[in-house]
Amino acid sequence: MRRIGINQKAAVGILLLLLVAFMALLAPLVAPHDPTLQNTAMRLKPPGTPGYLLGTDPLGRDILSRIIYGSRISLIVGLASVVVAGAVGITLGTIAGYIGGTVDAVIMRLADLQLAIPFLVLALAIAAVLGPSLRNVILVLGVTGWVTYARVARGQVLSVRGREFVEAARALGATNGRIIWRHVLPELWAPLIVIASLQVGSMILAEASLSFFGLGVPPSIPTWGRIAADGRDYVTTSWWVATLPGIAIFLTVLGINLLGDWLRDRMDPTLRG
Amino acid sequence: MIRYLASRLLHGVLVVVGVVTIVFLLMHMAGDPTALFLPVGATPEDFVRVRHQLGLDLPLHMQYFSFMAGALKGDFGSSIRYSQPSMSLVLERLPATLSLTGLALGLTVLASVPLGVVAAVRRNSFWDTFCTGAALAGQSMPSFWLGIVLILLFAVHWRIFPSSGGSGFMAVVLPAVTLGAYSMGLATRMVRSAVLEVFRKDYVRTARAKGLAERVVLSRHVLRNASIPVVTVVGLQLAQLLGGAIVTEQIFGYPGMARLAVQSVMNRDFPVVQAFVVVTAVIVLVVNLLVDLLYAKLDPRIIYQ
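Residues numbered from 1 in each chain as written. Chains lettered and ligands numbered in written order. Predicted model: local features only at pLDDT ≥ 70, side-chain atom pairs only at ≥ 80, totals over all residues. Heavy atoms only, no water.

Concerning the side chain of Ser140(B)
Line of reasoning, step 1. By secondary structure assignment, the location of Ser140(B) is in helix α6 (residues 126-140).
Line of reasoning, step 2. In terms of polar contacts, Ser140(B) uses its side chain to reach the side chain of Asn257(A), at 3.0 Å.
Line of reasoning, step 3. Reaching out from Ser140(B), the side chain makes a polar contact with the backbone oxygen of Leu136(B) at a distance of 2.8 Å.
Line of reasoning, step 4. Among all residues touching Ser140(B), those that are not within four sequence positions of it are Leu205(A), Ile249(A), Phe250(A), Val253(A), Leu254(A) and Asn257(A). (Helix = DSSP H or I, 4+ residues; strand = E, 2+ residues; numbered from the N terminus. Polar contact = N/O pair within 3.5 Å; in protein donor to acceptor, adjacent residues only side chain to side chain. Contact = heavy atoms within 4.5 Å.)

Shown next as structure tokens:
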């Protein structure tokens, strides 16, 4: 491990994420029950009940199975929304930096606008308008998370634009598209991958909050935020329903943050703490 | 300086106009709200009449101009649910939210500065691992979960704090800790790396070389210079805290404007949501301006023109 420079923290992060990825990929094989199967005879059983390791929810559904299936949604939303945010942000930022002038001004004012509205406020408002669905959650989180990418991409493009190798490419008759694709974007990857890796965690947290309010994924699909919401009215009598999914979220986001820190130290030494 | 302030204020007004526009478009996307104003069993004639009263039969650009004209006067229409001006509903609850976010921000600074400094001074020791570990944990917890756990421990089990509702200082403590956890984590790590950065500077070596006590080096040279990036992050966190208040206020049944906004989203009471988004944006813009002005105080090299 030392040879590729993985430290202890990164190893813990990778281990946690492998565990979550394993749960998500093999959910039908490792989940002991159908996550949506209701059984009123078994409602609100505490953890440790035979056959129900983590207990059951108010409808008698197995919490362990629901958490295992919930990992799928968290990972899909976390990764897909970062891809959307990155795609929107990098495109707009690159255009702003490369073209400049009015286009640049308009895009950057749009970014200012976005930053004036707190992320969760905007996500909540848009989610309320669009209605709950997996696709909408990804779109909402993606569209509200683009600004950082745009700023970094723009800054990088501005600093690369005047450099000799870009001048040389232009002198050789390369088109704008080719210059951006071949000479500008490769310079961007290191900082952007670091931002993206850390953002996956925030997206997972945001999805959980939206689902907790019933504004995320439809109630029929088990997600970590949704499972916790189901237990809200029973917190004092059946603590496990609302708290156990939170631990799953915590460990996943912790894994992502540990890995993101390591990536940042490796790829961007100037940011090292 | 005055020119700088004027241009910032003008820019701020433009951003607010943009926010109002976004809010208008969102409401338009949400569909025709006429039915929400009508009782069950209303006739089609009632529908046409109310639609006309609300101005929804006008072309979109006319609706936009009248909305904008109202918005500039602070009028976002009446709440569908409460039949009161939506802006005054939001403003009534603003002080509660401000004291919650203010306390969360205060806790952020109080916790992150000592933790971050200790982590940096005792780099790679047990204390460093402890402080950075706690910071990372704070950044990785879903706030609704932390809120529930704190309620279970401190309100249900030990009965130290009220679980929800209530008034006075005790009622704000748990929500503020919940709300501030993420920012505390972020700021602690920021303080740590800012202090480590300043430690490497020549003037710190000079200060040590001339025999100053480490305590004096830290307070006179390191902390002051490390404060600039920290102020940036803490300032930017206010926007995040206002967003996070949405979750915290709901969990604790805290009577602030963010909880009102969540309930209004659920009830499709969009005038209230609009007023909330605009009020939030104005606060964020004002705080960003204050942060920029604070830079000039902290770092005399910064002069705004």
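Let's talk about the interface of chain A and chain B
Line of reasoning, step 1. The interface of chain A with chain B comprises 42 residues on the first partner and 46 residues on the second.
Line of reasoning, step 2. Between chain A and chain B, roughly 3700 Å² of surface is buried when both sides are summed, and carbon and sulfur atoms account for 79% of that area.
Line of reasoning, step 3. Interface area lost by chain A to chain B is led by Leu113(A), Val129(A) and Phe213(A), which between them contribute 16%.
Line of reasoning, step 4. Our count for the chain A to chain B interface comes out at one salt bridge.
Line of reasoning, step 5. A salt bridge links Arg189(B) to Asp261(A); the nearest nitrogen and oxygen atoms lie 2.8 Å apart. (Buried area = accessible area lost by both parts, 1.4 Å probe. Salt bridge = Lys/Arg side-chain N within 4 Å of Asp/Glu carboxyl O.)

Considering the environment of Leu188(A)
Line of reasoning, step 1. Position of Leu188(A) relative to the elements: it lies in helix α9 (residues 176-212).
Line of reasoning, step 2. The contact partners of Leu188(A), leaving out residues within four places of it in the chain, are Ile90(A), Thr94(A), Val152(A), Ala153(A) and Gln156(A).

Re the packing of aromatic side chains
Residue and element names in this part refer to chain B.
Line of reasoning, step 1. Under the counting rule described, the total for this entry stands at 13 aromatic pairs over all chains.
Line of reasoning, step 2. For the ring pair Tyr-64 and Phe-65, a centre distance of 5.8 Å and an interplane angle of 55° mean the geometry is tilted.
Line of reasoning, step 3. According to the relative accessible area criterion, Phe-65 is exposed, its value standing at 52%.
Line of reasoning, step 4. Members of the aromatic cluster, each reached through a chain of ring pairs, are Phe-24, Tyr-64, Phe-65, Phe-67 and Phe-76. (Phe/Tyr/Trp six-rings, centres within 6.5 Å; stacked < 30°, edge-to-face > 60°. Buried < 20%, exposed > 50% of the residue type's maximum accessible area, 1.4 Å probe, protein only.)

Things to note about a nonpolar patch on the surface
All names here are of chain A.
Line of reasoning, step 1. A cluster of nonpolar side chains, contributed by Phe-22, Leu-25, Leu-26, Leu-29 and Val-30, occupies part of the molecular surface with about 500 Å² of accessible area.
Line of reasoning, step 2. Breaking the nonpolar patch down by element, the ones donating at least two residues are α1 (8-25) and α2 (27-30).
Line of reasoning, step 3. Along the chain, Leu-25 falls in helix α1.
Line of reasoning, step 4. Look at Leu-25 and you get exposed, because its relative accessible area is 69%. (Patch = residues over 30% accessible without salt bridge, like charges linked within 9 Å, V, L, I, M, F, W, Y side chains within 5 Å. Areas by Shrake-Rupley, 256 points an atom, 1.4 Å probe, with all protein chains shown as cover.)

Section: the domain arrangement of chain B
Residues and elements named next belong to chain B.
Line of reasoning, step 1. Domains assigned within chain B are domain 1 (2-72) and domain 2 (87-298).
Line of reasoning, step 2. Using C-alpha coordinates to define each centre, domain 1 is positioned 34 Å away from domain 2.
Line of reasoning, step 3. Facing the 15 residues of domain 1 at the interface are twelve residues of domain 2.
Line of reasoning, step 4. Inspection of the domain 1/domain 2 interface yields one salt bridge.
Line of reasoning, step 5. The salt bridge involving Asp-292 is made with Arg-8; its shortest N-O contact spans 2.4 Å.
Line of reasoning, step 6. On inspection of domain 1 and its partner domain 2, the count reaches one residue pair in polar contact (both at pLDDT 80 or more).
Line of reasoning, step 7. Top contributing element to the side of domain 1 that touches domain 2 by residue count: helix α1 (residues 2-29), with twelve residues.
Line of reasoning, step 8. Counted by class, the side of domain 1 that touches domain 2 contains 13 nonpolar, one polar and one charged residues. (Domains from an automatic or database assignment. Nonpolar A, V, L, I, M, F, W, Y, C, P; charged D, E, K, R; others polar.)

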